[in-house]
Amino acid sequence: MARHAREHGPAAGHQRLANLVQGTVCKILGKEEIKPHKVRYYLENRDAEFEQKMAEVLCVFREVQVLKKALCQGRAKPVTIVSCHEKPGTQAIATTAPDLPPEPGVHSGFARDHEYKRHGTLSLLAGIDLLTGKVHALVRDRHRSREFIELLRLLDAAYPRGTTIKLILDNHSAHISRENRAWLATRPNGRFELTFTPKHGWWLNLIEGFFSNFARSVLRHIRVASKYELKERIMAGTDDINRHPVIQTWSYKLAEAALYDSNQEKR
């Protein structure tokens, strides 16, 4: 912009622009409300049924509350609800020099060499039981339909026959693929029920909170010698969580979900 002003300003009758420098342009733009030199990203809602799909997910969360209450009263029902998702791209990073332990007067925390070595990435596929807090997890190189079906098999084996397993999922291709539908068709009628979050509504899936906590606790600053070691440490982390499970809850807008649910029943 400064160069354009210097080249064309004097000819347009603005002689002083012949000496305009970049710093002056930046100061002018910084003081103005309109800042064409900056870009802010936004997300356009492209799901025409966003509200309806969100209400359906919230209705499932409302059912979780009902099931928890029945469980406390000794009236457990043959239903469980599992929030599922994948966390891809977990890097297996190795150190190139030993970590240095904290030393008074030198460094208060561990000192680590800036250089590192990559061993590839892994995907964590997981489902968290919203009634008990138990985490069902697999670690694989990828997260295609076949890996998701592995997770479904794990869930199928974890619950007694006759129990309905309700899954909350996003619209990832692995969740709606032909292979996945074909495998579900082999299970008894009513064994699995799937509820999908709306497009760009990933934040409605409670397992996202689990992944966030897992990344800050188990995966933060992690260094491993191989992908196999990373897999073992991830699974050890999930085992530790299952020894002290935390039940995920959602209460925001559940009243609206109840209203939506009652309207659906009337129809």
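The notes below deal with the structure included here. (Residues numbered from 1 in each chain as written. Predicted model: local features only at pLDDT ≥ 70, side-chain atom pairs only at ≥ 80, totals over all residues. Heavy atoms only, no water.)

A word on the nonpolar core. Among the nonpolar cores identified, the biggest contains 33 residues, and Phe61, Leu130 and Phe210 are the most heavily contacted of them. Looking at this core, the elements with two or more residues in it are helix H3 (50-72), strand S1 (79-95), strand S2 (116-129), strand S3 (135-140), helix H6 (207-217) and helix H7 (227-243). The biggest single contributor to this core is H3, with eight residues. By size, the runner-up hydrophobic cluster in this structure holds 17 residues, among which are Phe148, Ile149, Leu167 and Leu169. (Core = buried A, V, L, I, M, F, W, Y, C linked by side-chain atoms within 4.5 Å. Buried < 20%, exposed > 50% of the residue type's maximum accessible area, 1.4 Å probe, protein only. Helix = DSSP H or I, 4+ residues; strand = E, 2+ residues; numbered from the N terminus.)

Here we come to the sheet that holds strand S4 (residues 164-169). Here we have five strands laid out as an open sheet, ordered S3-S2-S1-S4-S5, and mixed in their pairing. Both edges of this open sheet fall to S3 and strand S5 (192-196), since each of them pairs with a single strand only. Within the sheet, the average angular offset between the axes of one strand and its neighbour, ignoring direction, is 25°. Running at roughly 105° to S1, H3 makes contact with S1, S4 and S5 of the sheet. The strands touched by H7 are S1, S2 and S3; relative to S3, the strand with the most contacts, the crossing angle is about 180°. (Pairing = 2+ DSSP bridges. Axes fitted to C-alpha atoms, helices over the stretch in contact; angles between N-to-C directions. Contact = heavy atoms within 4.5 Å.)

What describes a pair of aromatic rings is the distance from one ring centre to the other and the angle between the planes of the rings. Taken as a whole, this structure holds five aromatic pairs when the rule is applied. Look at Phe61 and Trp250: their rings are 5.4 Å apart centre to centre, the planes differ by 25°, and that puts the pair in the stacked class. Linking Phe61 in helix H3 with Trp250 in the loop between H7 and helix H8 (254-266), this pair joins segments that are 189 residues apart in sequence. Between Phe210 and Phe214, the ring centres sit 5.6 Å apart and the planes meet at 40°, which makes this aromatic pair tilted. With Phe210 and Phe214 both in helix H6 and four residues apart, the pair spans about one turn of that helix. Each member of the aromatic cluster is reached from another via a ring pair, and the members are Phe210, Phe211 and Phe214. (Phe/Tyr/Trp six-rings, centres within 6.5 Å; stacked < 30°, edge-to-face > 60°.)

Position of Lys166 relative to the elements: it lies in strand S4. For Lys166, the side chain forms a polar contact with the side chain of Glu63, separated by 2.8 Å. The residues contacting Lys166, other than those within four sequence positions of it, are Glu63, Val79, Thr80, Ile81, Val82 and Glu193. (Polar contact = N/O pair within 3.5 Å; in protein donor to acceptor, adjacent residues only side chain to side chain.)

A few words now on the pairing of S1. Burial analysis of S1 places 12 of its 17 residues in the buried class, the great majority of the element. Alignment of S1 against S4, held across five bridges, turns out to be parallel. Bridging from a neighbouring strand, Thr80 pairs with Ile165 of S4. Here 11 bridges tie S1 to S2, and the two strands are oriented antiparallel to one another. Paired with Ala94 across the bridge in S2 is Lys117.

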